[in-house]
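Each chain, letter by letter, is given below.
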Amino acid sequence: MLTKFETKSNRVKGLSFHSKRPWILASLHSGVIQLWDYRMGTLIDRFDEHDGPVRGVHFHKTQPLFVSGGDDYKIKVWNYKTHRCLFTLLGHLDYIRTVQFHDEYPWIVSASDDQTIRIWNWQSRTCISVLTGHNHYVMCASFHPKEDLVVSASLDQTVRVWDIGALRKKTVSPADDMLKLSQMNADLFGGVDVVVKYVLEGHDRGVNWASFHPTLPLIVSGADDRQVKLWRMNDTKAWEVDTLRGHMNNVSCVMFHAKQDIIVSNSEDKSIRIWDATKRTGIQTFRREHDRFWILAAHPEMNLLAAGHDSGMIVFKLERERPAFSLSGDTLYYVKDRFLRVYEFSTQKDTQVVPIRRPGSVCLNQAPRTLSYSPTENAVLICSDVDGGSYELYIVPKEAAGRADYIQEAKKGAGASAVFVARNRFAVLEKSNNQVLVKNLKNEIVKKSALPFATDAIFYAGTGSLLCRAEDRVLIFDLQQRMVLGELQTPAVKYVVWSSDMESVALLSKHAIVITNKKLVHRCTLHETIRVKSGAWDENGVFIYTTLNHIKYCLPNGDSGIIKTLDVPIYLTRVSGNVIYCLDRDGKSRVISIDASEYIFKLALLRKRYDHVMGMIKNSQLCGQAVIAYLQQKGFPEVALHFVKDERTRFNLAVESGNIQIAVASAKEIDEKDYWYRLGIEALRQGNTSIVEYAYQRTKNFERLSFLYLVTGNMDKLSKMLKIAEIKNDVMGQFHNAMYLGDIRERVKILENVGHLPLAYVTAATHRLNEEAERLKAELGDNVPSIPEGKTSSLLMPPLPLMCSGDWPLLRVMRGIFEGGLDTLGRAGHDEEEEEADGAEWGDAELDIADVEGMIQNGDVTAEADEDEVNEENDEEGGWDLEDLELPPELETPKASANSRSTLFVAPTPGMPVSQIWTQKSSLAGEHAAAGNYDTAMRLLSRQLGIKNFAPLKPLFLDLYTGSHTYLQAFATAPVFSLPVEKGWTESASPNVRNPPALVFKFSQMDEKLKLAYRATTEGKFPEALRQFLNILHTMPLIVVDSRREVDEVKELIEIAREYVLGLKIEVKRKEIKDNVVRQQELAAYFTNCKLQKIHMRLVLTSAMTICFKGGNYATAANFARMLLENSPSEAQAKKARQVLQACGDKKDANQLNYDYRNPFVVCGATFVPIYRGQKDISCPYCGSRFMPAIEGQICTVCELAVVGADASGLLCSPSQSR
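All values reported here derive from a predicted model rather than from experimental measurement. (Residues numbered from 1 in each chain as written. Predicted model: local features only at pLDDT ≥ 70, side-chain atom pairs only at ≥ 80, totals over all residues. Heavy atoms only, no water.)

## Looking at unusual backbone geometry
Positive phi is not limited to glycine here, since Tyr-73 has a value of about 65 degrees. Following the sequence through the fold, Tyr-73 ends up in the loop between β7 (65-70) and β8 (75-79). What makes Tyr-73 partly exposed here is its relative accessible area of 38%. One non-glycine residue, Arg-125, lies in the positive phi region at around 60 degrees. Of note, Arg-125 is situated in the loop between β12 (116-121) and β13 (126-132). (Helix = DSSP H or I, 4+ residues; strand = E, 2+ residues; numbered from the N terminus. Buried < 20%, exposed > 50% of the residue type's maximum accessible area, 1.4 Å probe, protein only.)

Given below as structure tokens:
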């Protein structure tokens, strides 16, 4: 059983499939009727007008109706489109068990516990016949699909067949008068419309269900005696054929399968049983744990069944319907009706090739699952579920094509899946041992290969390779080398589709498609809500796939869309141009034409084939919101603009693409404040001040208009704005404009007029306007504000703009990719007009914005203040219309732009920043830091050297970045330019070739630092020396050198610095310990184990010898004295050593030290204890210091950068290492 859909609900008593849509009705014991979409798995609607359980429900075949009958004695007819009950049929006197529409006539048949069956006319809404004869509850009644018969089953232990021929003749209006007369007589004298044809007796208990065979004269019934009986009938009689026994409880429902010779029954014993109708034997049983079954329904068109039980229902199929097929060049090999067939795509010729034997017993799901073909040997491998999974190998002889009598004995074998891996070799999966057997065409094992993980299926993955599938991942396994070539986590893969060049593969799961390259490197994943059925690659590298109800496409970047809607599922075999070849569920080859223009258009955009895009825009009918939204999302608003008619959308796209022309035209059409405001912002961004001015005038935005005149230096218009503010009695506007103009007298006058006399006096006095100040002082009397003494006042004047008036200079650049071509679209009929328009600047033909010029000519700001508004003002003042001001005429105002097409110019695409060029091919952390890419530099250091503590490197990163850039200030108002400094730059160098960055840290500097550190060590300045050596260790990961020899020197320097840092840290630690004499001696001894310069080694040995001698450890002191004498000491040191040796003699050590000079050891960098040879230790991936295993995962205490024991690839400090 293949479960397609399952619900959880109250007990399901009635079920009905819709004939066309993927819908099923379920009537529940709770009184609710549910309408489900079993394909999407969603509840569409619920109807709950019945009072009590609803036992019967049925869809009409053609009308948007369904009927239901319940325990409230009511039959209700519903319209599912309007979601309401149309009417109720009353007449039954007890529970209604089943209801059913007739396929042709406007009839409903209902069975009831009142022991009657009623036939109703749902158009006239009347009962047209009552069938009486049963003497107990009638459990079901149904029409014959073709003949004038009704079958019913009752608890009186009988099945009755009723003849309704007379009723049909009565419904079809009689033609001649004699028939009408006889019908009238029959009505008057009690003629019978429906008669009992047969009474079938044989069940020992009440019969729960009976149904007709769709084509043969057979009836099947199920009863409380736990038996299923098969009956045959002819024109005169009916008789029992056989009894099917097996159910353990009452049989609830039973029916014939529409397409196969099987009977399906279900029962209160919690099982569904499948029986062979010809052999009358059980084939299969499906059980539920806790739920009794009550009802079955079969889809009228498709191979689907549904069963209702105590806690919901299931929709299921008995067998897979996907035909097994394999593609080879121009031919398709597939299995249909127990024959292997060949279909040629070029000629569309279909030929039967070889008959395929099927097992004798009728069994479900034994059809071929997969087919694999070897073209050179003309061999076919067919896998099926027979005997728990097996394969058959057929060699197809050339001359046998088309001969139906040709029979070949196939070579067989057990195996879950089998597939050709070479010309004459095929691989078989042996699940039990998780291995692959490679066999030859004689079915002999040639080779065995164990698989790296538990595999449940194998697929072809190129010659000699297999794609192995587990539940949650797939991998490609090379059978020759026995190695994994690629691995990927995926949902459970059902089908694998390779592109023709074997470069890409699509992995199809139940609800997802994963597209990868041939090494299983992930490219994209698509998720579908309904099941994915099949797929094929087209010649452009687009993956075309089908779901249950759509043909869809998937582009290489993961974008997808719908090509066509399907009525029934199909299985794609090949895609060629605008034609799709496929197989349907009946195994027929079909050819479907599709419109590929949408995905070809998107693919051309994706691949930047702009010539193709242009051609498609000109020639094809691409349009619709989806394409517009796609273009906008992908950053091509200027292309989307040419598909759009709606002004608001046009405006948005024009603003997004910077096309001011179209934006102005659309804003004029829309004429809303918000759109003018947005136009002003975009025009200001482009420096198109005349359009900004126009937009502000349209919205009467005086504040912004004044500020615009200030920044463009248009003082004349600013003076007019001052007068407008005066006319409008806008005090703040007046004051602002006066400030913008730097007009002190005007400001004093405004402050005086509004009564701010103290402020007016302060303003006048500060700016030395003595007359006004004296006058105001007199008016203020005693309230004169005091002015601070000794302050130097300066005139507050607005800054001078860099550019006065006119539009800001725009960059002259090449047209956008699409501009030239798109402008010519639709110009064929307007050539003459266009030529004229080109002569004008903003040309009315193009934009229709003559108003702009009207608004701003003669310097008058005449934004549209309504005449009514003007009249409301004092007539003498003239309102917004300032013609009475007699202002001097101005030079011709700059219009919207320098040329009618200039706004079509777009800024050039910025080149790649040098910092990006530096890092693109470099794996050197120093170069990434110099480019300012600190995150990638940190990732590289982490990967190469296991560095996790970057705090010590922060100042070095900043030094590298600032040191590899120089900064240039062009002029005061412009930002500072940052210029990269390249290594080895010369004037003759090509401008297109970039050298790596010049780094401030050079390897040669490290020599100087090392000498300083040595000197500090010699002088005994241990903290200073430690700082110097640590600085070397911290700088080395960022050093870049040229040659391999220098790489070795870098590594050597790191080792030197490490030894000194470790030794100095031991010495600093020793000096901190005052009270523990033994530990002091141990640390002094460990310092002697560090690899130091001879001069320093002599000093260390002298120190250790002295400390041990003083501590009473004479044997150890004598050992250090001997080591000192071997190291070419100075005269004083040698003398001291000899004295110690003499004094020690054969004396023993007073204290036991954790130090054995005979046994080689290294010192743990964290705990300062010896790790003797043979003991486990771990090291720092950068400096190589050794540690006890317990320190793993902590920051190294020597270099203070890397994590001890971390995985790292090793130091990379030269381009020569990666070559």
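## Focus: the UniProt feature "repeat: WD" (unreviewed entry) in the chain
Under the present numbering, the feature "repeat: WD" (unreviewed entry) in UniProt falls on residues 47-88, 89-130, 131-164, 200-241 and 244-285. Between the first and last C-alpha atoms of residues 131-164 the distance is 10 Å; the span itself is 0% helix and 59% strand. (UniProt positions renumbered as here; feature names shortened; annotations may be inferred.)

## Digging into the sheet that holds strand β1 (residues 2-8)
Strands sit in the order β1-β28-β27-β26 across an open sheet of four strands; the sheet is antiparallel. At either end of the open sheet lies a strand with only one pairing partner, and these are β1 and β26 (293-298). With strand direction ignored, the average angle separating the axes of adjacent strands in the sheet is 15 degrees. Here six bridges tie β1 to strand β28 (residues 312-317), and the two strands are oriented antiparallel to one another. Note that in β28 the partner of Thr-7 across the bridge is Met-313. (Pairing = 2+ DSSP bridges. Axes fitted to C-alpha atoms, helices over the stretch in contact; angles between N-to-C directions.)

## Here we look at the sheet that holds strand β10 (residues 96-101)
As summarised here, the arrangement of the four strands in space is β10-β11-β12-β13, forming an open sheet in which the pairing is antiparallel. Two strands in the sheet have a free side with no partner beyond their single neighbour: β10 and β13. Across the sheet, the axes of successive neighbouring strands diverge by a mean angle of 20 degrees, strand direction being ignored. Relative to strand β11 (residues 107-112), β10 runs antiparallel, the two sharing five bridges. If you follow Thr-98 over to β11, its bridge partner there is Ala-111.

## Overview of the pairing of strand β3 (residues 23-28)
Burial of β3 is extensive: six of the six residues sit out of reach of the surface. Residue alternation in β3 divides its side chains into two sets, Trp-23, Leu-25 and Ser-27 and Ile-24, Ala-26 and Leu-28, and both sets are buried. In textbook terms, the turn of a hairpin is the stretch between consecutive antiparallel strands, and for strand β2 (residues 12-17) and β3 this stretch comprises five residues. Direction of pairing for β3 relative to strand β4 (residues 33-37): antiparallel, over a ladder of five bridges. Considered in β4, the bridge of Ala-26 is made with Gln-34. Hairpin connection of β3 to β4: four residues between the antiparallel strands, including Gly-31 at a positive phi of 100 degrees.

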